[in-house]
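Chain by chain, the residues run as shown.
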Amino acid sequence: MPSTSKASRFFDLVDQREFALCQSINRTLRFRPVHGYFQVVSRLGDGWLWYLVILTIPLLRPQDGLAIALLMVATGLTCTIAYKLLKRWLIRERPFISFPSINCGTPPLDRYSFPSGHTLHAVCFNTVLAMTIPELAWLLLPFTLSVAASRVVLGLHYPSDVAAGALIGGALGLVTAQIAVI
């Protein structure tokens, strides 16, 4: 099926250049503990850990926790709208679809690859926390980095999807935290 849009042609070229890196990272799935770890991280990155964090913040910080939690909810909704619009507009197939030698380590939540919504949300939330509750942001940073890594390890995203998700998420988190008066 020939690609017709400029974005499709661009992604076809980038996909070919990222294929070898994706394939070598994806090979770590052969190790059961690696596969299991990144499956759990991915599942928690679906939102479950962030929901728990958002619900816990008002208990940890009675003076301003509710405002921070509401800020994170609003930011999360903004992230969801942003990545869904980008995915529908740019239409990049996932690595395991484009390259059969890349294994899908867990079922994806949606069809397209660019940008990584999991990474976008994780980086955005961690950025908001870094601006409001830095000690919690440091505590959750390893999880955020694991979410980003899981996307490539599990064959769901290219490294450029993850980088774009991190940049967009970081920017949304910074803008949101700067606008909000907490």
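Provided above is the structure to which this section pertains.
Keep in mind the model is a prediction, meaning the values are calculated, not measured.

The next point concerns the overall build of the protein. Looking only at helices and strands, the protein has 7 helices and 0 strands in total. Ordered by position in the sequence, the α and β elements of the protein form the string α-α-α-α-α-α-α. Here the C-alpha radius of gyration of the protein, 17 Å, is about what a compact globule of 182 residues would show, namely 16 Å. Judged by the C-alpha coordinates and their principal axes, the protein covers about 55 × 40 × 20 Å. Counting across all 182 residues of the protein, residues that qualify as buried make up 46%. Long-range contacts, defined as pairs at least 24 residues apart, comprise 78% of the intrachain contacts of the protein with a sequence gap of at least 6. Here the protein has roughly 9,800 Å² of accessible surface; of this, 70% comes from carbon and sulfur atoms.

Taken together, the side chains of Val40, Leu44, Trp48 and Tyr51 define a hydrophobic patch exposed on the protein surface, amounting to about 400 Å² of accessible area. In this fold, Val40 is placed in helix H2 (residues 32-60).

Here helix H7 (residues 159-179) contains 21 residues, and its C-alpha end-to-end distance of 30 Å stays within 8% of the 30 Å for a straight helix at 1.5 Å per residue. For H7, the full list of buried residues reads Asp161, Val162, Ala164, Gly165, Gly169, Gly170, Gly173, Thr176 and Ala177. Where the residues of H7 are buried, they touch helix H3 (65-90), helix H5 (117-132) and helix H6 (134-153).

Conventions and cut-offs
- Residues numbered from 1 in each chain as written.
- Predicted model: local features only at pLDDT ≥ 70, side-chain atom pairs only at ≥ 80, totals over all residues.
- Heavy atoms only, no water.
- Helix = DSSP H or I, 4+ residues; strand = E, 2+ residues; numbered from the N terminus.
- Rg over C-alpha atoms; globule rule 2.2 N^0.38 Å.
- Buried < 20%, exposed > 50% of the residue type's maximum accessible area, 1.4 Å probe, protein only.
- Contact = heavy atoms within 4.5 Å.
- Areas by Shrake-Rupley, 256 points an atom, 1.4 Å probe, with all protein chains shown as cover.
- Patch = residues over 30% accessible without salt bridge, like charges linked within 9 Å, V, L, I, M, F, W, Y side chains within 5 Å.
- Salt bridge = Lys/Arg side-chain N within 4 Å of Asp/Glu carboxyl O.
- Expected span 1.5 Å × (residues − 1).

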